[in-house]
Structure formats: structure tokens, C-alpha cells
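# Descriptive analysis of the structure
Now for the letters of each chain:
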Amino acid sequence: MNLSEESESSSDIRNPDMYRRIQGILGEQSYSLVLPKIFATNLGIRKGDYVKVRQLGAKIIVEKA
């Protein structure tokens, strides 16, 4: 199974590990990541909302602001 097949098949809430490709934007000055909708929904995040992003060791933490 390749990563794209795994991403599609892993959208089930019972499997929280989902693979996403990091996209380069703004002339390689930033990166973007699309969150799985189920994650955003569970956190109450909607289009236009702000999130707080911080690094904790080797993890990136995203919280609803």
C-alpha cells in the first residue's frame, strides 16, 4: 500500500494516524498542511477560525485559538 492509498483508507476515526504531504507556498517561504476534516471538526475549528500553533520537541501542536 502506498502513502496515498493509506491516506484515503485511514480517514476512519479509529485510525488517527493519517499521512499528509507538506506543500510549499509563497515562493518556498512557508509550508502548508491540510488537516483532516475529522480533526478540525473534533476541535470545533471552522473555516476562518484562528488556531494556535507551537512546537513541543519533535511535535507540532495545533489548538483552537
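What comes next is a walk through the structure. (Residues numbered from 1 in each chain as written. Predicted model: local features only at pLDDT ≥ 70, side-chain atom pairs only at ≥ 80, totals over all residues. Heavy atoms only, no water.)

### Side note on the pattern of salt bridges
Following the criterion strictly, the structure yields two salt bridges and no others. The residue K52 makes a salt bridge to E63 at a minimum N-O spacing of 4.0 Å. You can see K52 sitting in strand β3 (residues 51–56) and its partner E63 sitting in strand β4 (residues 59–64), a full eleven residues away along the chain. For R54, the salt bridge identified is with E63, shortest N-O distance 3.4 Å. By relative accessible area, R54 is classed as partly exposed at 35%. According to the relative accessible area criterion, E63 is partly exposed, its value standing at 30%. Within this structure, K52, R54 and E63 form a network of salt bridges that share partners. (Salt bridge = Lys/Arg side-chain N within 4 Å of Asp/Glu carboxyl O. Helix = DSSP H or I, 4+ residues; strand = E, 2+ residues; numbered from the N terminus. Buried < 20%, exposed > 50% of the residue type's maximum accessible area, 1.4 Å probe, protein only.)

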